[in-house]
Amino acid sequence: MQKIAYIFPGQGSQYVGMGKELCSKSQIANKIFDEANQILNYDLKTLCFYGPENKLRLTEFAQPAILTLSVAVYYTLKNLYSETPEFMSGHSLGEITALVCSESISFSEGLKLVQKRGQIMGRVTKNIDFAMYAVNNLDSNIIEKEVKSSPNVSISNFNSPKQTVLCGGKKEVLELVTLFENNGGTCISLNVSAPFHSKYMKPAADQLLTHLRNITFNKPSSMILSNYTGKLYSENIVNLLYNQIFMPVQWNNCIDYLINAGVSLIIELGPKQILTNLINVSHQMVKAMACENYDDIINVSNILHEHEKETQTDIKEKELSILAKCLSISVCTPNRNFNNYEYEKGVIEPYSKLNKMYDNHEVENRILVKFDYIEALKLLKCILNTKKVTNDELLFRVSQLIDTPHICNVISLDEINDIMLNNQ
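Just so you know, the residues in each chain are numbered from 1, in the order the chain's sequence is written. Note on the predicted model: pLDDT of at least 70 is required for a residue's local features to be given, and 80 or more for side-chain atom pairs to be given and counted; whole-chain, interface and lining totals, by contrast, use all residues. The basis for every side-chain value is the complete set of non-hydrogen atoms in the structure, without hydrogens or water.

Colleague: Just checking my understanding: could you explain the sheet that holds strand β8 (residues 263-269) for this structure?
Modeller: Strand pairing in a sheet takes place through backbone hydrogen bonds and is either antiparallel or parallel in direction. One open sheet accounts for five strands, arranged β7-β2-β1-β8-β9; its pairing is parallel. Unpaired on one side and paired on the other, β7 (223-224) and β9 (287-291) mark the two borders of the sheet. Paired strands are those between which DSSP finds at least two bridges. Only DSSP runs of H or I covering at least 4 residues are called helices, and only runs of E covering at least 2 are called strands; the numbering of each starts at the N terminus. With two bridges joining them, strand β2 (residues 87-90) and β7 adopt parallel strand pairing. Residue Met 88 lies in a different strand from β7, and its bridge partner there is Ile 224.

Dropping the structure here:
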């Protein structure tokens, strides 16, 4: 079954004009921006639409702006396509957006959290002379080795196999930039307002910890990936969000996890398409799409509905193949029982029921449930028992069942063996 993930951008994706087009066409988005104004007690909507840019770039304003637009995009899309994705993830502050959209925390709680997060980050790093660079086309192992020898520099983001971001004291960072460029790397200065995900952010994390502990986190509707671990949430959310502030963002590991979990379509919701570009350049085995403006949302909604139809067709084909396998085994298994009455009751009648299940399911849209599989296996077991199969042949027929696609997603191997092999 094909899987979908929604991802949300972090700071650096903000720009003057963000959300203006969407709010002009989506009442849902416009309402979310108005709600943000009330929660924050200032006019975020006007700041996003008209600037000034130097204010929007400040951490305390950029983070609420990006979260608000991302949430507005999400709920506008959800109004057109209501299915919840299996996974959500976000880059840096985008992880908090994922928690909001997965209903782990409310929009109000998430907005207040990133406002506080941005204020503290900006305050504790106000007088630090730092630099932040994205290093492209150079192995991250080479970068890590050199960074370890420079105590005032650290890796902030492992963004992709082709991009690593370093941050630290300006003098030391520039020295490493020269070294990396001499080794074939391409280094791009990042115009950010604070040294994110570096040791300089540890005081900010300590100050934010009390606020994090006062938030009640509910179970999210989608599985969430942690920037800190690069894996699914498996421990206290407060600890994950605390460490995320000053530890490297393991974004490349997050994307690898999604791909290994079978995700075939990743949709970025929010300003610009920075994450989409990263994925499409470095992870060709998965398709990524950006979704920000209203036309984007309409297009993505249509694609998701088509994707759902294809997925349902794929599931139905697999389910029919399981019933077809039961029918095939019934026919191909030699008969050693020549009692006509037993053959009629133990082979002909259960085979007719199996065949009816197949015919009915072929014309229906409903998905098979566990009970259907159990009934089909019991009918097959009755046929095999009546035909008096040998133990070896029974084991062979069970192995054929287990190799059938999709069956073990619904019924376990132990349950298959219990039905087919016990009480012979």
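Colleague: Would you take a moment to explain the sheet that holds strand β3 (residues 130-136) for this structure?
Modeller: Pairing is antiparallel in the open sheet, where four strands are placed in the order β4-β5-β3-β6. Where the open sheet ends on each side, the last strands, each with one partner, are β4 (153-160) and β6 (186-189). Taking the axes of each pair of neighbouring strands and ignoring which way they run, one obtains an average angle of 25° across the sheet. In terms of strand pairing, β3 meets β6 through four bridges, oriented antiparallel. Working convention: axes come from line fits to C-alpha atoms, limited for helices to the stretch in contact. Angles between N-to-C directions cover 0 to 180 degrees.

Colleague: How do you make sense of the state of the cysteines when you look at a structure like this?
Modeller: By definition, a disulfide links the sulfur atoms of two cysteine residues through a covalent bond. By convention in this document, the label disulfide applies to cysteine sulfur atom pairs within 2.5 Å. Inspection of every chain in the model, using the stated rule, returns zero disulfides. No disulfide involves Cys 101; its sulfur sits 12 Å from that of Cys 291, the nearest cysteine. Of all cysteine sulfurs, the one in Cys 326 lies closest to Cys 332, which takes part in no disulfide; the gap is 12 Å. Exposure classes here rest on a 1.4 Å probe applied to the protein chains alone. A residue is buried below 20% of its type maximum, exposed above 50%, and partly exposed in between. A residue is classified by how much of its surface remains accessible, and Cys 332, at 48% relative accessible area, is partly exposed.

Colleague: Is there a simple way to explain unusual backbone geometry in this structure?
Modeller: Peptide bonds are trans in most cases, and residues, glycine excluded, mostly fall at negative phi. The linkage connecting Gly 51 with the following residue, Pro 52, adopts the cis geometry, with an omega of 15°. The topology assignment puts Pro 52 in the loop between α3 (44-50) and α4 (53-56). Non-glycine residue Asn 41 carries a positive phi angle of around 65°. With respect to the element layout, Asn 41 can be found in the loop between α2 (27-40) and α3. Of note, Glu 103 is a non-glycine position whose phi angle comes to about 65°, a positive value. When you line up the elements, Glu 103 lands in the loop between α6 (93-101) and α7 (107-124). By relative accessible area, Glu 103 is classed as partly exposed at 48%.

Colleague: Before we go on, may I ask you to explain the packing of aromatic side chains in this structure?
Modeller: Centre-to-centre distance and the angle between the planes together describe a pair of aromatic rings. Aromatic pairs are defined between Phe, Tyr and Trp rings, using the six-membered ring for Trp, whenever the two ring centres lie within 6.5 Å; interplanar angles under 30 degrees are classed as stacked, those over 60 as edge-to-face, and all others as tilted. Counted according to the given criterion, the structure contains seven aromatic pairs. Judged by centre distance (6.1 Å) and plane angle (75°), the rings of Tyr 6 and Tyr 74 are edge-to-face. Remark: Tyr 74 occurs in helix α5 (residues 59-80) and Tyr 6 occurs in strand β1 (residues 3-8); sequence separation between them is 68 residues. Each member of the pair Tyr 6 and Tyr 74 is classed as buried. Note on Phe 49 and Tyr 50: the rings are 6.1 Å apart at their centroids and 75° apart in plane angle, and the pair reads as edge-to-face. Accessibility expressed as a relative area gives 11% for Phe 49, which makes it buried. For Tyr 50, a relative accessible area of 53% gives the class exposed. Among the aromatic residues, those joined into a ring-pair cluster are Tyr 6, Tyr 74 and Tyr 75. Two conditions define a charge located above a ring, namely a distance within 6 Å from the ring centre to NZ of Lys or CZ of Arg, and an angle within 35 degrees of the ring normal. Positioned above the aromatic ring of Phe 246, the side-chain terminus of Lys 202 is 5.6 Å from the ring centre.

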